[in-house]
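# Descriptive analysis of the structure
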Amino acid sequence: MKDPTLPQCVVNCAAYTRDGKRRDISLDQISDVLAVDDDSFIWVGLYEPADDILDKLQEEFGLHDLAVEDARNAHQRPKIESYGNSLFIVVHTAQSVDSHIRFGESHMFVGARYLVTVRHGASTSYAPARARFERDAEEIAHGPAAALYVVLDQIVDNFLPIVQEFSQDLNELEQDIFADEFRKDTVKKLYELKRELTRLRMAVAPLQDILGQLSRARSTMIDEESALYFRDVLDHVVRINETTDTLREMLTAAMSVNLSLVTIYQGEVVKRLAGWAALLAAPTLIASWYGMNFEAMPELHGRYSYAILIGITVLVCLVLFAYLRRAKWL
């Protein structure tokens, strides 16, 4: 339960002991907890914090000016940076809202005795990760590194349903892709799906480098046991990234197939129109001969000339129709 005395942007502020005990504290008590020489650590969760809150946390934890400046503003690239005895991590988050992806950011300050998470934009609450962390006394014993692990694991897990939703949307579009007639909405949906997947890949791909560094790190903040857990999250990210790349390739192929089928269908329509035009050209040509008002045309004065001409015209049209039909132009 959140302390009602905390500012609205402060979602959580708690101190944890290595034996699994939690105690909610105020921002002013942070320095007092850190001053005690024990194994406790602090986890502060923020959502789009005001500048004065970040200034307060910078003072309490001794955060670097550049990292705090990045945390004030969203639209940072995913990265991991080291500032002395602390790490600053930026990752992109995603949520599926009405079949569209909404992206956000999470900035994390990690020290030997603290974890500060700052959420911007579309990002689910880390309350489930915090509850999972608090249920496992062994995880709490690993300190801020374990808390960082459950946060990153939740972020990565949130990508999975989005990828599965995209896969399902692509399967549903297959019938429209192979439809006989051109549908503008199909191409539009394919393009939007590929655009969303490209943005998703831009959020997921950098996590491989971030988690790779965390899984190899050996410091007072990340021990060997915690690194194994980061490696497990890295495996999930690699799988999501590969699935995203596969879906993007399938979408590219689907768009090409759809446009190719439309071109073939249009070619068939043009071919049929050309066949009917050729069929109509024969009687038009014959009739045009007798519209030139020439007098020296002996067949004009024959008794059955009109009927014979009609018969010849019909015969030519029938022969031409049979030929074009066999050639599949009609």
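For the structure, check the block above.
Calculation rules
- Throughout this document, residue positions are counted from 1 along each chain, in the order its sequence is written.
- In keeping with the predicted nature of the model, local features appear solely for residues at pLDDT of at least 70, side-chain atom pairs appear and are counted solely at 80 or more, and the whole-chain, interface and lining totals rest on all residues.
- Side-chain measures were taken over the full set of non-hydrogen atoms in the model, leaving aside hydrogen atoms and water.
- Helix numbering and strand numbering both begin at the N terminus, where a helix is a DSSP run of H or I of at least 4 residues and a strand a DSSP run of E of at least 2.
- Radius of gyration: over C-alpha atoms. The globule rule applied is 2.2 Å multiplied by the number of residues raised to the 0.38 power.
- The classification of residues rests on relative accessible area computed with a 1.4 Å probe and restricted to protein chains. Under 20% of the type maximum is buried, over 50% is exposed, and intermediate values are partly exposed.
- Only heavy atoms enter the contact rule, under which two residues are in contact if any of them lie within 4.5 Å.
- Using a 1.4 Å probe, the Shrake-Rupley method yields the accessible areas, and only the shown protein chains count as cover for residues.
- The charge count includes Lys and Arg as positive and Asp and Glu as negative, but it does not include His or the ends of the chains.
- For this purpose, a charge sits on NZ of Lys, CZ of Arg, CG of Asp or CD of Glu.
- Patch definition: residues above 30% relative accessible area lacking any salt bridge, with like charges linked at up to 9 Å and the nonpolar side chains Val, Leu, Ile, Met, Phe, Trp and Tyr linked at up to 5 Å.
- Note on definitions: salt bridges are taken to be side-chain nitrogens of Lys or Arg within 4 Å of carboxyl oxygens of Asp or Glu.
- Note that a disulfide, as used here, is simply two cysteine sulfur atoms within 2.5 Å.

## Concerning the overall build of the protein
- A tally of regular secondary structure across the protein gives nine helices and seven strands.
- Expected size for 330 residues packed as a compact globule is a radius of gyration near 20 Å; at 36 Å, the protein overshoots this value by more than 25%.
- C-alpha atoms of the protein, sized along the principal axes, occupy 125 × 35 × 35 Å.
- When each of the 330 residues of the protein is scored for burial, the buried share is 40%.
- Restricting to contacts in the protein with at least 6 residues of sequence separation, those with at least 24 account for 62%.
- Split by element, the accessible area of the protein, about 18300 Å² in all, is 55% carbon and sulfur.
- Charge separation in the protein, taken as the distance between the mean sites of 34 positive and 48 negative side-chain charges, equals 9 Å.

## A few points about a nonpolar patch on the surface
- Among the surface-exposed residues, L285, W289, Y290, M292 and L300 lie close enough to one another that they form a single nonpolar patch of about 480 Å² accessible area.
- With respect to the secondary-structure elements, L300 resides in the loop between α8 (224-289) and α9 (305-326).

## Quick look at the state of the cysteines
- Per the stated rule, a full pass over the model turns up zero disulfides.
- Between C13, a free cysteine, and C9, which holds the nearest cysteine sulfur, the sulfur-to-sulfur gap is 11 Å.
- With a relative accessible area of 2%, C13 lands in the buried category.

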